[in-house]
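So the chains spell out like this:
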Amino acid sequence: MTSQADEQFAQVVHKMDPRSKLLRAWELKGGVSAQVTALEIERPDGQIQKLLVRRHGALDLQHNPHIAADEIKLLRLVHSAGLAVPTPQYLDESCEIFPTPYIVIEYIEGGTEFAPADLADYLLQLATHLARIHQIACSRFDLSFLPQQEHRCTKKLRERPAQLDESLDEGRIRDALEAAWPVPQRNNPVLLHGDYWPGNILWSNGQLAAIIDWEDAATGDPLADLGNTRLEILWAFGSDAMQRFTQHYQSLTSMDFANLSYWDLCAALRPIANMSQWGLDDASEQRIREQHCWFTAQAFETLSV
């Protein structure tokens, strides 16, 4: 990093605790929604600690100018509820150091895992932690600062593009959802992660260490999260893994799953416009398109029963 950047992050550390000092700072690659920088600092007692500084991107700030405050508020809530999340440390909305607000959170030792040694246990842990997220009900926690997932879906359905991607059955998906929308909510509204997939899960020694990237969190029917995760697991590990994950989740909750197919269709609609922009090679894109078509077909098959 440049000396100017080092000076900025030294100021971050000083604002958090004037007695601590920055040892080093390095940018973490791979994030698309936020700029993430790791810090190694020395505390007054000599303890070495690692932290992360998250600065949200322009698109997220456009949608929600208070996203930094909302995210750290949510992290404090879910951390106090015992979920596996980084400990929130600090919020700075002053824009004195950077042109946008930032948050500081705990650095979790671990990494994403797309080739687990024990896939069965991996899927069970994923399902268990998603079920724990959905135990945070709107009736017991103040989640009014979060958007409602149903409203997000309504907006997407209203924004029908002039050119539909019929190779992915976009027209049929939209027609089915528009005819049924809003889907009757059979489950009480709960906290939704909003983007619960293997890329947002950190693992250490075969154990789920942390659930990260909560900027898409919302409230609503837990089946909205389930549908998204089912599609992501299908892409990552195949249809058998998707079914096993779903069975684990069903065994851990008392949700009503009657409308899962509609939420599967919402999940299928979500990536259609952006899939060609993911930078995949031709073979990989063809594979995920074929799996997407299979996912959509199984949802329609269930709806017709």
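Residues numbered from 1 in each chain as written. Predicted model: local features only at pLDDT ≥ 70, side-chain atom pairs only at ≥ 80, totals over all residues. Heavy atoms only, no water.

Visitor: Can you help me understand the pattern of salt bridges in this one?
Guide: For side chains of opposite charge, pairing can occur when their charged atoms come near one another. Summed over all chains, the structure comprises 18 salt bridges. Each member of the salt-bridge network shares a partner with another, and the members are Arg54, Glu71, Asp213 and Glu215. (Salt bridge = Lys/Arg side-chain N within 4 Å of Asp/Glu carboxyl O.)

Visitor: Looking at this structure, I do not really get the nonpolar core. What am I missing?
Guide: Of all hydrophobic cores here, the largest spans 70 residues; its most connected members are Val78, Leu126, Leu191 and Trp214. The greatest single-element share of this core, amounting to 8 residues, is contributed by helix H7 (residues 222-237). Excluding residues within four positions of it along the chain, Leu126 makes contact with Tyr196, Ile201, Trp203, Leu208, Ile233 and Phe245. Membership of the second largest hydrophobic core comes to 14 residues, among which are Ala5, Val12, Leu39 and Phe98. (Core = buried A, V, L, I, M, F, W, Y, C linked by side-chain atoms within 4.5 Å. Buried < 20%, exposed > 50% of the residue type's maximum accessible area, 1.4 Å probe, protein only. Helix = DSSP H or I, 4+ residues; strand = E, 2+ residues; numbered from the N terminus. Contact = heavy atoms within 4.5 Å.)

Visitor: What is the right way to look at the packing of helix H6 (residues 170-180) against helix H10 (residues 282-304) in this model?
Guide: A packed helix pair is summarised by two numbers, namely the angle formed by the two axes and the spacing between the axes. Put simply, H6 and H10 touch, their axes get as near as 11 Å, and they point 30° apart. Regarding H6 and H10, the two cross each other, and that crossing is left-handed. The residues of H10 that touch H6, namely those facing Arg172, Ile173 and Ala176, are His292, Thr296 and Phe300. Class assignment for the residues of the contact of H6 with H10 results in 3 nonpolar, 2 polar and 1 charged. (Axes fitted to C-alpha atoms, helices over the stretch in contact; angles between N-to-C directions. Left-handed = near helix turned anticlockwise from the far one by under 90°. Nonpolar A, V, L, I, M, F, W, Y, C, P; charged D, E, K, R; others polar.)

Visitor: Even after reading the chapter, I still don't get the packing of helix H9 (residues 260-269) against H10, so can you show me in this structure?
Guide: The N-to-C vectors of H9 and H10 enclose an angle of 155°; their axes lie 9 Å apart at closest approach. Classed by the angle they form, the pair H9 and H10 counts as roughly antiparallel. Between H9 and H10 lies a crossing whose hand is left-handed. Contacts between H9 and H10 involve Ser261, Tyr262, Asp264, Leu265, Ala267 and Ala268 from the former and His292, Phe295, Thr296, Gln298, Ala299, Phe300, Thr302 and Leu303 from the latter. (Parallel < 35°, antiparallel > 145°, perpendicular 65-115°, else oblique.)

Visitor: Just to check I follow, could you spell out the sheet that holds strand E2 (residues 34-42) for this structure?
Guide: Within a sheet, each strand pairs with its neighbour through backbone hydrogen bonds, oriented either parallel or antiparallel. If you walk across this open sheet you meet the 5 strands as E1-E2-E3-E5-E4, and the pairing is antiparallel. Edge strands, defined here as strands with exactly one partner in the open sheet, are strand E1 (21-28) and strand E4 (88-92). On average, each strand axis in the sheet is inclined to that of its neighbour by 25°, with strand direction left out of account. Note that E4 and strand E5 (residues 102-106) share 4 bridges and pair antiparallel. Across the sheet, the residue bridging to Asp92 is Tyr102, located in E5. Across the sheet, helix H1 (residues 3-16) is in contact with E1, E2, strand E3 (48-56), E4 and E5; its angle to E1 comes to roughly 125°. Its contacts with the sheet put helix H3 (residues 67-80) on E3, E4 and E5, and the angle it makes with E4 is roughly 160°. (Pairing = 2+ DSSP bridges.)

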